[in-house]
Amino acid sequence: MPPLEAPTIPAVPAGKTVPLLDASKTEKLSAHIWMIPGYPNIPIIVGKKAVLVVDTGLGNSAAHVISEEVERLAPGKPLYLTTTHFHPEHAAGFGGFPSGTKLLRPSVQENELNADRGRMLERFRIHNAEALSQADYGKPELFKDEKILDLGDVHARIFWAGPAHTYGDTLVYIPEDRALVTGDVVQNLATPTFLGGDIGPEEWLHTLQIFAPLKPKLVIPDHSPPGPGEKLISDEEAFMTALIIETRKAKKDDLSEDDSVEKVTTSLHAQFPDWIMNPLTKDGIRRVWKKKE
Ligand SMILES: [Zn+2]
């Protein structure tokens, strides 16, 4: 795998500590779901019997903030934890959760974490040395494609649908609330971040098509605000489809790789004017261009 670029995260002003997660801003999103907004958003699914947290936050101190909030929302209940993917702000804070926290992760994500051999962690440490000084990914109970949790009056279906932002992207569907936690796989008004080895837009689109039939009412992304589920998924499909078709056409018209990137980026920007354009979206265009048809 080629070296991976870590996304830049909000700069912390020198001499000050900006909390990446602010539990005073926790919002209730649906009957059983709360979310601490931040970097990244942390969904908390509260049932009568048990609680599920999705993602650890960036390091153990972020995880402490989450643990305290869980204790406030659901005192004394057994705690399950899963991670949307292996990047440090989602998975490296296991040490900040109480002992007895049960960590669940699909094998494909765990294998990807092990294969990366700390490279992504090193990239994130450049800007977050302190937060990640005791990075702890935990020892998960592994599952293959799906794990269903009975939290009492609500269920959580934790599943792997295929490669997208990474190989091991993991989603969580809450059927009672018709809500889907998407990690980086579906964002709200933000273009996709291509990071996983050489996963291209075609594979990502295929993964979207696998879970789109769930037609969730609510989608909860990790780095953008929650929004209407069906719409966010179909917008993402439309974005990916436009990117693929226009890149193939540019190549057919004999445009160089760089010129194709420029042309398609401009066109996508015009079609999706409200979206934040992530610089790593260009890598998706390059991956389509490089592919032999
Ligand atoms: Zn990520």
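As a convention, each chain's residues are numbered from 1 in the sequence order in which they are written. Local features in this predicted model are restricted to residues whose pLDDT is 70 or higher, and side-chain atom pairs enter the listing and the counts only when it is 80 or higher, whereas totals over whole chains, interfaces and linings include all residues. Excluding hydrogens and water, the side-chain values take into account all heavy atoms of the structure.

The protein chain has the name MBL fold metallo-hydrolase in an unreviewed UniProt entry, where Gluconobacter kanchanaburiensis NBRC 103587 is given as its organism. Of the comments in the UniProt record for the protein chain, the one headed Sequence similarities (unreviewed entry) reads "Belongs to the metallo-beta-lactamase superfamily. Class-B beta-lactamase family." UniProt positions are given in the numbering used here, feature names are shortened, and annotations may be inferred rather than shown by experiment.

K.L.:
Quick one: what's the story with the pairing of strand β12 (residues 218–221), residue by residue and with numbers?
P.N.:
Think of it in three bands: residues with accessible area under 20% of the maximum for their type are buried, residues over 50% are exposed, and the middle band is partly exposed, with areas taken using a 1.4 Å probe on protein chains only. In DSSP terms, a helix is any run of H or I states spanning at least four residues, a strand is any run of E spanning at least two, and both are numbered starting from the N terminus. Residues Leu218 and Ile220 of β12 are buried on one face, and the alternating residues Val219 and Pro221, pointing to the opposite face, are buried as well. Strand pairing requires that DSSP identify at least two bridges connecting the strands. Looking at chain direction, strand β11 (residues 179–183) and β12 are connected through four bridges and run parallel. If you follow Val181 over to β12, its bridge partner there is Ile220. Place the viewer so that the strands point away; then a crossover is right-handed whenever the path from the first strand over the helix to the second strand goes clockwise. Traced from β11 through helix α5 (residues 201–211) to β12, the parallel crossover comes out right-handed. Inspection of the sheet shows β12 paired to strand β13 (residues 227–228) by two bridges, in the antiparallel sense. Looking at β13, one finds that Leu218 is bridged to Pro228. What sits between the antiparallel neighbours β12 and β13 is a turn of five residues.

K.L.:
Talk me through the sheet that holds β13; I want residue IDs and the actual numbers.
P.N.:
Strand order across the open sheet formed by six strands is β8-β9-β10-β11-β12-β13, with mixed pairing between neighbours. A single partner strand is all that each edge strand has here, and the edge strands are β8 (146–150) and β13. Sheet topology places strand β9 (residues 155–160) next to strand β10 (residues 170–174); four bridges connect them, and they run antiparallel. Opposite Phe159, over in β10, you have Leu171 as the bridge partner.

K.L.:
Pulling in residues and values, what's your account of the pattern of salt bridges?
P.N.:
Salt bridge criterion: a side-chain nitrogen from Lys or Arg within 4 Å of a carboxyl oxygen from Asp or Glu. Counted by the stated rule, this structure contains 19 salt bridges. Asp22 serves as the salt-bridge partner of Lys25, at 3.0 Å between the closest nitrogen and oxygen. Residue classification places Asp22 among the partly exposed residues on the basis of a relative accessible area of 26%. Linked through salt bridges whose partners overlap, the residues forming this network are Glu202, Glu203, Arg248 and Lys291.

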